[in-house]
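# Geometric and topological summary
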Amino acid sequence: MSTEPDVSVQQGSISDAAADAVVVNLFEGVRMPGGATGAVDAALNGLLSQAIADGEITGRLYETTVIHTGGRIPARRVVVVGLGRAEEFNLVRARRAAGAAARAARRAGARSLATIVHGAGIGGLEPEAAARATVEGTLTGLYAFTRYRTRGQDGGGRRVESLVVVEHSAGKIAAFERAARQAQVMARATNRARDWTNMPPNDMHPGTLAETAAEVARSCGLELEIIAGEQLLAAGMGALYAVGQASQHAPRLIRLAYRGREAGGIDLALVGKGVTFDSGGLCLKPGDAMDWMKADMAGAAAVLAAAEAVAALRPALNVTFLIPAVENLPGGRAFKPNDVLRTLDGRTIEVLNTDAEGRLILADAVAKAAADGAARIVDIATLTGAAIVALGHEASALISTDDDLAAAVERASAACGERVWRLPAWPEYREQFKSEIADLKNTGGRAAGTITGALIIGTFAGSVPWAHLDIAGTAWHDRGKPWADAGATGVGAAALAQLCLDLAG
Ligand code: BES
Ligand code: MN
Ligand code: ZN
């Protein structure tokens, strides 16, 4: 797994930084760079402004230009990253621009980077948030999943070993140091979630996911409980058991607990969908729809990574982390359409489609969180293809029956540069999943598929404030982006950890 660069903050001028590459930026349409970029331009005798005048550097969003400094400043190279139009700039773009710049520097062979903070000047961003975005974007941009390559790696196995954030004004250093520390924990969470999600399903199945969680619990000092196989049936979790019953890897409910305050019960339960491979079961998916179904445990990865981050950040909050882990396969032992399953809260669910398995395993896990007395429940899942239809790949869908909790999830996500968009949860949608013979059925038809899928899960929270993130559109990139490799994005890991910080106040 990738090793992280060291991160530090220094007061001074970026033109004096002794790094292999220094990163500066340019907004689109700016002819004469100012600020730190202007200082570097001056030190280079106008090399940058010349390239701008010649139309070689345009400031277009995520454009990167690497320029050799010929010894005019200590750094051998300058990377200029385009920030797009100033009035459209935001924290999402600051993160991505930092990632794009770091990747360009790594491609050019730089092992040490110095960067300015993107967007705190004309970009109009709050400086500490911009600093955090810059560091987070750099560390997540440099992520590479290499453990299955045995020969030459992309980029010749190049690695960046250090990052220095350079800031001119002494008054901002303390805030930037805080931001950098926070960013390191959050980026590590994101990248850990990506590692687990990118793992192939022959190596990441319910058994190894449970082992991974056990390692996290041991290294972070968290309480651990694993209920496996037949024990799930005995405990009353018939839906979770059924989805996993055809696999040679027994289904499991993994629970970790963090205690951040002495007294009191569980303030928050985080529940992540852990389908280590989703073939669809007997309602088998077509082959190309299985292309990245190893990532159907991205919710679980986010929850586990958040557990690690929470243990590092130590908020004064009691949190449990629940992961229902299964492999959804067809076979002679598989659960079937028409089966009726009994859940932990005693309710029955009629199965109409074995590919709607996420809501089944989450029904039991969310019921468990409610039964354990959690004061709030947030679940996260690659639940529905319909979430991609609704929002594409730019935002996760948020569904909640509690305005305060929904607002808290929105705030935490925004602070981490992750977009969420709330969809309605009107009770009328519940009509769609009434069953003829059981308490409910596991599909509500094509209409509003993201909402009905969510509300089936929410039913099992009972009266506990509940929110749901559908990350089907945001957990995976089919193609590489300027700011990241193709593959798992680690979405939700940072936002859930942030939610714990925010709720602790
Ligand atoms: N894991 C899938 C959802 C999914 C699909 C995530 C595509 C990412 C990309 C989920 O288990 C599923 O198959 N959902 C079905 C539900 C339907 C059968 C009601 C879907 O969305 O088609
Ligand atoms: Mn499915
Ligand atoms: Zn699934």
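Residues numbered from 1 in each chain as written. Chains lettered and ligands numbered in written order. Predicted model: local features only at pLDDT ≥ 70, side-chain atom pairs only at ≥ 80, totals over all residues. Heavy atoms only, no water.

## Side note on the packing of aromatic side chains
Throughout the structure, instances matching the rule amount to 5 aromatic pairs. Taking the centre distance of 5.2 Å and the plane angle of 55° together, the rings of Tyr-62 and Trp-483 count as tilted. Of this pair, Tyr-62 sits in the loop between helix 2 (47-53) and strand 3 (64-68) while Trp-483 sits in the loop between strand 19 (476-477) and strand 20 (487-488), and the two are 421 residues apart along the sequence. The exposure classification of Tyr-62 matches that of Trp-483, with both residues buried. Above the face of the Phe-460 ring, Arg-347 is positioned so that its terminal group lies 5.0 Å from the ring centre. (Phe/Tyr/Trp six-rings, centres within 6.5 Å; stacked < 30°, edge-to-face > 60°. Helix = DSSP H or I, 4+ residues; strand = E, 2+ residues; numbered from the N terminus. Buried < 20%, exposed > 50% of the residue type's maximum accessible area, 1.4 Å probe, protein only. Lys NZ or Arg CZ within 6 Å of the ring centre and 35° of its normal.)

## Re the sheet that holds strand 13 (residues 348-350)
Pairing is mixed across the open sheet formed by 3 strands, whose spatial order is 12-13-17. The open sheet is flanked by strand 12 (340-342) and strand 17 (440-441), the only strands paired with a single partner. Two elements, strand 13 and strand 17, share 2 bridges in a ladder whose sense is parallel. Across the sheet, the residue bridging to Ile-349 is Leu-440, located in strand 17. (Pairing = 2+ DSSP bridges.)

## Focus: the nonpolar core
Core analysis: the largest hydrophobic core is formed by 57 residues, its most contacted members being Leu-209, Leu-256, Leu-270, Phe-321 and Val-378. The element best represented in this core is helix 9 (residues 298-313), accounting for 12 residues. Once residues lying within four places of it in the same chain are set aside, the contact partners of Leu-209 are Met-204, Ile-254, Thr-276, Met-297, Ala-300, Leu-304, Ile-323 and Ala-325. (Core = buried A, V, L, I, M, F, W, Y, C linked by side-chain atoms within 4.5 Å. Contact = heavy atoms within 4.5 Å.)

## Overview of the pattern of salt bridges
With the rule as written, the count across this model stands at 25 salt bridges. Residue Lys-336 pairs with Asp-339 through a salt bridge whose shortest N-O separation is 3.3 Å. A relative accessible area of 18% places Asp-339 in the buried class. Of the charged contacts in the structure, one is a salt bridge between Lys-368 and Asp-372, with a shortest N-O distance of 3.4 Å. Overall, the relative accessible area of 14% leaves Lys-368 in the buried class. Owing to a relative accessible area of 33%, Asp-372 belongs among the partly exposed residues under this scheme. Each of Arg-85, Glu-87, Glu-88 and Arg-93 takes part in a single network of salt bridges with overlapping partners. (Salt bridge = Lys/Arg side-chain N within 4 Å of Asp/Glu carboxyl O.)

## Some thoughts on the state of the cysteines
A complete count under the given rule lists 0 disulfides for this structure. Of all cysteine sulfurs in the structure, the one in Cys-500 sits closest to Cys-220, which takes part in no disulfide; the separation is 13 Å. The closest cysteine sulfur to the non-disulfide-bonded Cys-416 is located on Cys-500, 11 Å from its own sulfur. Cys-416 sits in the buried class, given a relative accessible area of 4%. (Disulfide = S-S within 2.5 Å.)

## Some points on the site of ligand 1
Residues in close proximity to ligand 1 total 18 residues, the closest being Lys-285, Asp-296, Asp-355, Glu-357 and Gly-385. Between ligand 1 and Thr-382, the relevant distance is 3.3 Å, taken from a nitrogen atom to a main-chain nitrogen or oxygen of the residue. Between ligand 1 and Gly-385 there is a distance of 2.7 Å, counted from an oxygen atom to a backbone nitrogen or oxygen. In isolation ligand 1 offers 510 Å² of accessible surface; the protein chains occlude 79% of this area. Along the lines of polarity and charge, the residues of the shell around ligand 1 split into 6 nonpolar, 5 polar and 7 charged. (Near = heavy atom within 4 Å. Polar contact = N/O pair within 3.5 Å; in protein donor to acceptor, adjacent residues only side chain to side chain. Areas by Shrake-Rupley, 256 points an atom, 1.4 Å probe, with all protein chains shown as cover. Nonpolar A, V, L, I, M, F, W, Y, C, P; charged D, E, K, R; others polar.)

## Examining unusual backbone geometry
Even without glycine at this site, Tyr-62 takes up a positive phi of about 70°. On the basis of relative accessible area, Tyr-62 is assigned to the buried category, the value being 14%. For Ala-448, which is not glycine, the phi dihedral falls at a positive 50°. Among the structural elements, Ala-448 can be located in the loop between strand 17 and helix 13 (449-458). Among the residues examined, Ala-448 registers a relative accessible area of 31% and is labelled partly exposed.

## What to know about the sheet that holds strand 1 (residues 6-11)
Across the sheet, which stays open at both edges, the 6 strands sit in the order 1-6-5-2-4-3 with mixed pairing between neighbours. In the strand order of this sheet, the two ends are held by strand 1 and strand 3, each with one partner. Here the strands of the sheet are splayed against their neighbours by 25° on average, with no regard to which way each runs. Taken together, the 6 bridges between strand 1 and strand 6 (residues 162-167) define a ladder with parallel strand orientation. Bridging across to strand 6, Gln-11 finds its partner in Glu-167. Sheet strands in contact with helix 4 (residues 127-141) are strand 1, strand 5 (112-115) and strand 6, and its direction is about 160° off that of strand 6. (Axes fitted to C-alpha atoms, helices over the stretch in contact; angles between N-to-C directions.)

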